[in-house]
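The residues making up each chain are set out below.
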Amino acid sequence: PMGGLLAVLTDQKFAIYSDSGKWIGSDAHGYANPVAKTTSKRALIYDRSGYKFKVLDKSDVLYTKTLTDKIVFADISSEGYVAVATQQSRYYASLTVYNPKLQEIYTWSSASTHIVGIDFYKNSKGCAVLGYSASGGTLTSSVISLDFSSEDIKFEKKFDDLLGVSIAVKNSGNIAVVGDSAMKVIDSKGNDVGEYE
């Protein structure tokens, strides 16, 4: 869904249709491993394990960008902010955040954490990052809370008994992590709220 419209991603193009099925527009992305994320007004298309991404509205390509590092994961907020996680030689993962005009406003890197997922906080003031790290042959998942106005992380919550696969920030501010064996919920300070196996 894209603001009452239907967005369709194929191996060759990104197309937008009305709710009655009328074609509105399309873009030939040219990506080998395309992934699309949509909001009510914009769409983000990126090439997973590639170097390019673009931001579109229902009628035009607004911005395109080519990076020097491979894209691992990307997301777009309802306000139009874009977060892109890349793989670098010095770090397992690096996160760059752009404002709606695609100007870089924030960067964060980790030498130990692989990024699996990202979700924005309300009003795009920050984001929650889901990652995993390996130590002694054991995988540990963690939620890292970032505030775009500070270089320091707000908190890091580790889950030794869970391999997280997706993350979602709820309207209440709570953060839900879905993993291989359970869903866990923490509050905006990293405290446990609930769990469902």
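Definitions and limits used
Residues numbered from 1 in each chain as written. Predicted model: local features only at pLDDT ≥ 70, side-chain atom pairs only at ≥ 80, totals over all residues. Heavy atoms only, no water. Core = buried A, V, L, I, M, F, W, Y, C linked by side-chain atoms within 4.5 Å. Buried < 20%, exposed > 50% of the residue type's maximum accessible area, 1.4 Å probe, protein only. Helix = DSSP H or I, 4+ residues; strand = E, 2+ residues; numbered from the N terminus. Contact = heavy atoms within 4.5 Å. Pairing = 2+ DSSP bridges. Axes fitted to C-alpha atoms, helices over the stretch in contact; angles between N-to-C directions. Patch = residues over 30% accessible without salt bridge, like charges linked within 9 Å, V, L, I, M, F, W, Y side chains within 5 Å. Areas by Shrake-Rupley, 256 points an atom, 1.4 Å probe, with all protein chains shown as cover. Salt bridge = Lys/Arg side-chain N within 4 Å of Asp/Glu carboxyl O.

## Brief notes about the nonpolar core
- One finds F53, V82 and L95 to be the most contacted residues of the largest nonpolar core, which totals 29 residues.
- Core analysis: the second largest hydrophobic core is formed by 13 residues, Y121, I175, V177 and A182 among them.

## Overview of the environment of K65
- Structurally, K65 is set in strand 7 (residues 61-66).
- The class of K65 is partly exposed, set by a relative accessible area of 29%.
- Along the primary structure K65 and K52 are separated by 13 residues, whereas in three dimensions their C-alpha atoms are 5.7 Å apart.
- Leaving out residues up to four positions away in the same chain, K65 has contacts with Y51, K52, F53, Y98 and L102.

## So, the sheet that holds strand 9 (residues 82-87)
- Here four strands make up an open sheet; going across it, the order is 8-9-10-11 and the pairing antiparallel. Only two strands of the sheet have a single neighbouring strand rather than two, namely strand 8 (70-76) and strand 11 (104-110). Strand-to-strand twist of the sheet, defined as the mean angle between neighbouring strand axes without regard to direction, takes the value 15 degrees.
- Inspection of the sheet shows strand 9 paired to strand 10 (residues 93-98) by five bridges, in the antiparallel sense. Looking at strand 10, one finds that V84 is bridged to T96.

## Observations regarding unusual backbone geometry
- Positive phi, close to 70 degrees, is recorded for S49, a residue that is not glycine.
- Checked against the element boundaries, S49 lands in the loop between strand 5 (43-47) and strand 6 (52-56).
- Backbone geometry at N123 places phi at a positive 65 degrees, although glycine is not the residue there.
- Looking at the secondary structure, you find N123 in the loop between strand 12 (114-120) and strand 13 (126-135).
- With a relative accessible area of 45%, N123 lands in the partly exposed category.

## Some details on the pairing of strand 8
- Most of strand 8 is tucked away: five of the seven residues are buried.
- Joining the antiparallel neighbours strand 8 and strand 9 is a turn of five residues, in which G80 adopts a positive phi near 95 degrees.

## Comments concerning a nonpolar patch on the surface
- On the surface, V165, V178, M183 and Y196 cluster together to form a nonpolar patch covering roughly 380 Å² of accessible area.
- Tracing the backbone through its elements, the reader meets V178 in strand 17 (residues 175-179).
- V178 gets classed as partly exposed once you look at its relative accessible area, which sits at 34%.

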